[in-house]
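Now for the letters of each chain:
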Amino acid sequence: MPSLHAYFEESTLKHSWDDIARVFWNRYPNPFAKHISSDDVLQRKIVGKKMFSTRLIVKNGVLPKWGEFMFKDTSGKYLVIENSVVDPVKKTITTYTRNVSLTSFSSLEEKCTYKPSADNKGWTVCERSALSSSSVRLLAPQIVSFAMSRYRHSVVATDRGWSFVVNKFEGSPINSVLAALARSGVTKQAKLVRP
């Protein structure tokens, strides 16, 4: 029987939804996500006014000592798929993330929804839910506990990473160009590139 653990949290990013949406595709690299070695867009399409994307994210990580015997030839690189929906009309970004590596060991699925804060329109709320599971006999509870402990630690770093990336782009020349394009309604032609 698999062992399961669910996690729910709401955090507030002290940046507007527009700022979060502007840097969404450029949040890596940042010093709070050193475990991310690369991210690539596999698919992107616009349906109506929503943008749907699928990205492959490569993470570096270390298994706990008690789990290493199960995966002797692991390189320490793990693959994660992120599906996202950006809805500029409702001002929401929703991400669905799941690991595709080591699924025989552990599975972690996460859903995040970013939307303007009801308390302060200049801030963004992130509603997070995650489910960790493992069906490894005898070790499943320890595996799930380890995965959720690591996940909770990464949530704090993720929020710090958002602030770093928004602040990094605030002073960049491309940000003022994008703001001007947004005001003129020409945002479809704008493409944000990494500085």
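Rules used in this analysis
- Residues numbered from 1 in each chain as written.
- Predicted model: local features only at pLDDT ≥ 70, side-chain atom pairs only at ≥ 80, totals over all residues.
- Heavy atoms only, no water.
- Helix = DSSP H or I, 4+ residues; strand = E, 2+ residues; numbered from the N terminus.
- Contact = heavy atoms within 4.5 Å.
- Areas by Shrake-Rupley, 256 points an atom, 1.4 Å probe, with all protein chains shown as cover.
- Phe/Tyr/Trp six-rings, centres within 6.5 Å; stacked < 30°, edge-to-face > 60°.
- Lys NZ or Arg CZ within 6 Å of the ring centre and 35° of its normal.
- Core = buried A, V, L, I, M, F, W, Y, C linked by side-chain atoms within 4.5 Å.
- Buried < 20%, exposed > 50% of the residue type's maximum accessible area, 1.4 Å probe, protein only.
- Salt bridge = Lys/Arg side-chain N within 4 Å of Asp/Glu carboxyl O.
- Pairing = 2+ DSSP bridges.

(A) Quick look at the overall build of the chain. Of regular secondary structure, the chain possesses four helices and seven strands. Listed by position from the N terminus, the elements making up the chain come as β-α-β-β-α-β-β-β-β-α-α. Looking at the chain alone, contacts between residues at least 24 apart form 56% of all its contacts between residues at least 6 apart. Accessible area of the chain: about 11,400 Å², with a carbon and sulfur share of 56%.

(B) Highlighting the packing of aromatic side chains. Under the definition given, this model contains five aromatic pairs. One aromatic cluster is present, formed by Phe24, Trp25, Tyr114 and Trp162 through successive ring pairs. In this structure, Arg44 is placed above the aromatic ring of Trp25, and the distance from its NZ or CZ to the ring centre is 4.0 Å. Seen from the ring of Phe24, Arg55 lies directly overhead, with NZ or CZ sitting 5.9 Å from the centre.

(C) Quick look at the environment of Asp40. With respect to the secondary-structure elements, Asp40 resides in strand S2 (residues 36-47). In sequence terms Asp40 and Thr54 are 14 residues apart; their C-alpha atoms lie 8.6 Å from each other. Sequence-distant contacts of Asp40, that is, excluding residues within four places in its chain, are made with Thr54, Arg55 and Leu56.

(D) Region of interest: the nonpolar core. With 15 residues, the main nonpolar core has Leu13, Ile20, Val23, Phe24, Ile93, Tyr114 and Trp162 as its most contacted residues. Within the residue set of this core, elements represented by two or more residues are helix H1 (17-23), strand S6 (107-116) and helix H3 (140-170). Among the elements that make up this core, the one with the highest residue count is H3 (four residues). Judged by nonpolar contacts, the second largest core, of six residues, contains Tyr7, Val144, Tyr151 and Val155.

(E) Here's a closer look at the pattern of salt bridges. Inspection of the entire model under this criterion finds eight salt bridges. One salt bridge in this structure joins Asp39 and Arg55, with 2.8 Å as the shortest N-O distance. With Asp39 in strand S2 and Arg55 in strand S3 (residues 50-60), this pair connects stretches of sequence that are 16 residues apart. With relative accessibility at 16%, the residue Asp39 sits in the buried group. With a relative accessible area of 2%, Arg55 lands in the buried category. The partner of Glu127 in a salt bridge is Lys115, with the nearest N and O atoms 2.9 Å apart. Here Lys115 lies in strand S6 and Glu127 lies in strand S7 (residues 124-134), a separation of twelve residues in the sequence. Glu127 sits in the partly exposed class, given a relative accessible area of 30%.

(F) A look at the pairing of strand S4 (residues 77-87). Among the eleven residues in S4, eight count as buried, and that is most of the element. Bridge analysis of S3 against S4 gives ten bridges, and the strand direction is antiparallel. Each residue of the ladder has a partner; that of Thr54, found in S4, is Asn83. Two elements, S4 and strand S5 (residues 92-99), share eight bridges in a ladder whose sense is antiparallel. Within the sheet, the bridge partner assigned to Asp87 lies in S5 and is Thr92. Taking the residues that link successive antiparallel strands as the turn, the S4-S5 hairpin has four residues, and the phi of Lys91 there is positive, at about 55°.

(G) The arrangement of the pairing of S6 in detail. As defined by bridge partners, S5 adjoins S6 across six bridges and the pair is classed as antiparallel. The residue bridging Ile93 from the neighbouring strand is Tyr114, located in S6. Here S6 runs beside S7; their pairing, made up of ten bridges, is antiparallel. Paired with Lys111 across the strands is Ser129, a residue of S7.

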